[in-house]
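Given next are the chains, with one letter for each unit.
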Amino acid sequence: MPGLITMDDLTNEEIISLLDDAERLLPVARGTQYLPLLQGKILGNLFFEPSTRTRMSFETAMKRLGGDVVNLGDVKNSSVVKGETLFDTIQMVDGYTDIIAMRHPRQGAAQYACDSATVPILNGGDGAGNHPTQTMLDLFTIRQAHGTLENLNIVLAGDLRYGRTVHSLSHALTRFGCEVTFASPSSLSMPQEIISDLRSEGAKITETDDLLSHISTADVIYMTRIQKERFPDESEYAKVAGAYKLHARDLADAKAEMIIMHPLPRVNEIDPTVDKTRHARYFEQAFNGVVARMALMCWLLGVTIPSDIKSDGGGA
Ligand code: CP
């Protein structure tokens, strides 16, 4: 069954078409238009790891489109604690639902689920692997700000080793000809297999540990949290915790249209002084998760989005 496990599951043309769909759905996400395209459909939310945005935006997306949601809920209160395997859990939820959004601590778990499911699986994050639905909302946000995805100068900063959002996003950005700068402490650099993949596809990549010197040329700065939960040794985390923190004062030489993004949650990577600047885009980015996930669920469920949804005047 088709699903979305990595960005390789989408062509560039499909990405653009899905972003166009998402844009048309903005009034529905805002609740100013009611469009029950997914009435009668049930989303299964299987989150084996904590989540606020991904889980809630999937739920909002399905409910705004007239569908319903069943949640695994807290793993501690599920039969996982009795020893039920992922395979068996998927067999059950496959029968209860029409589509599944899943997050799991193990890299590759979403592909494993997809291989045995009869309903589409949307990967909501698999360990330090991929987070492609986040990438779709990230691309939506970038296009909203810059009007294009092509040939932009993007800085991805922070924990590039364990951060699954930047693994998925870097693949997508380079496919659109963006020049990508990876800014991280050396112990958290982008995995070499990803760098090799990107270079073999002709991507323009720079690696650095100096974030500040790349601010003035960036169109997008994408900050990430250091993924404390993925460190095998807490003392290693302590060495890099707080490695990068953006303040409003760091942005004096930034381009006027440069945007700062973050998949959230932030811990201390972006000082609150940045929130009031024209560059801050992370809360709109989180909202865009609703339209991006609406478009993906409609696509996977074979539902066409009408081209004539009445705009609510809120703009893209
Ligand atoms: N961006 C993101 O994946 O956030 P959550 O962990 O809250 O879902």
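Keep in mind it's a predicted model, so treat the numbers as computed, not measured.

For the rest of this paragraph, the subject is the sheet that holds strand 1 (residues 42–47). The sheet built from 4 strands is open, its strands ordered 2-1-3-4 with parallel pairing. Edge positions in the open sheet fall to strand 2 (68–71) and strand 4 (121–126), since each of these has one partner strand only. Across the sheet, the axes of successive neighbouring strands diverge by a mean angle of 15 degrees, strand direction being ignored. In this structure, strand 1 lies alongside strand 2, joined through 4 bridges in parallel fashion. Of the residues in strand 2, the one forming a bridge with Leu43 is Val69.

Judged by nonpolar contacts, the single largest core of 64 residues is most densely connected at Leu25, Met136, Leu139 and Leu156. The element contributing the most residues to this core is helix 10 (residues 282–300), with 9 residues. Here this core spans two domains, and each of domain 1 (7–130 + 286–300) and domain 2 (132–285) adds at least three residues to it. Once you skip the residues sitting within four places of it in the chain, Leu25 turns out to touch Leu35, Leu65, Val291, Met294, Ala295, Ile305 and Ile309. With 19 residues, the next largest nonpolar core counts Ala157, Ile215, Leu246 and Tyr282 among its residues.

In the neighbourhood of the ligand, the contacting residues comprise Ser51, Thr52, Arg53, Thr54, Arg103, His131, Gln134, Pro263 and Leu264. In this structure, an oxygen atom belonging to the ligand sits 2.7 Å away from a side-chain N or O atom of Thr54. The separation between a nitrogen atom of the ligand and a polar main-chain atom of Pro263 is 2.8 Å. Burial of the ligand by the surrounding chains reaches 91%, relative to a free accessible area of 250 Å². The class makeup of the residues in the shell around the ligand is 2 nonpolar, 5 polar and 2 charged.

With that settled, the discussion passes to a negative patch on the surface. A cluster of acidic residues, Asp8, Asp9, Glu193, Asp197 and Glu201, forms a negative patch at the surface. Relative to the helices and strands, Glu201 is located in the loop between helix 8 (192–200) and strand 7 (204–208).

Definitions and cut-offs
- Residues numbered from 1 in each chain as written.
- Predicted model: local features only at pLDDT ≥ 70, side-chain atom pairs only at ≥ 80, totals over all residues.
- Heavy atoms only, no water.
- Pairing = 2+ DSSP bridges.
- Helix = DSSP H or I, 4+ residues; strand = E, 2+ residues; numbered from the N terminus.
- Axes fitted to C-alpha atoms, helices over the stretch in contact; angles between N-to-C directions.
- Core = buried A, V, L, I, M, F, W, Y, C linked by side-chain atoms within 4.5 Å.
- Buried < 20%, exposed > 50% of the residue type's maximum accessible area, 1.4 Å probe, protein only.
- Domains from an automatic or database assignment.
- Contact = heavy atoms within 4.5 Å.
- Near = heavy atom within 4 Å.
- Polar contact = N/O pair within 3.5 Å; in protein donor to acceptor, adjacent residues only side chain to side chain.
- Areas by Shrake-Rupley, 256 points an atom, 1.4 Å probe, with all protein chains shown as cover.
- Nonpolar A, V, L, I, M, F, W, Y, C, P; charged D, E, K, R; others polar.
- Patch = residues over 30% accessible without salt bridge, like charges linked within 9 Å, V, L, I, M, F, W, Y side chains within 5 Å.
- Salt bridge = Lys/Arg side-chain N within 4 Å of Asp/Glu carboxyl O.
- Lys, Arg positive; Asp, Glu negative; His and termini not counted.
- Charge placed at Lys NZ, Arg CZ, Asp CG, Glu CD.

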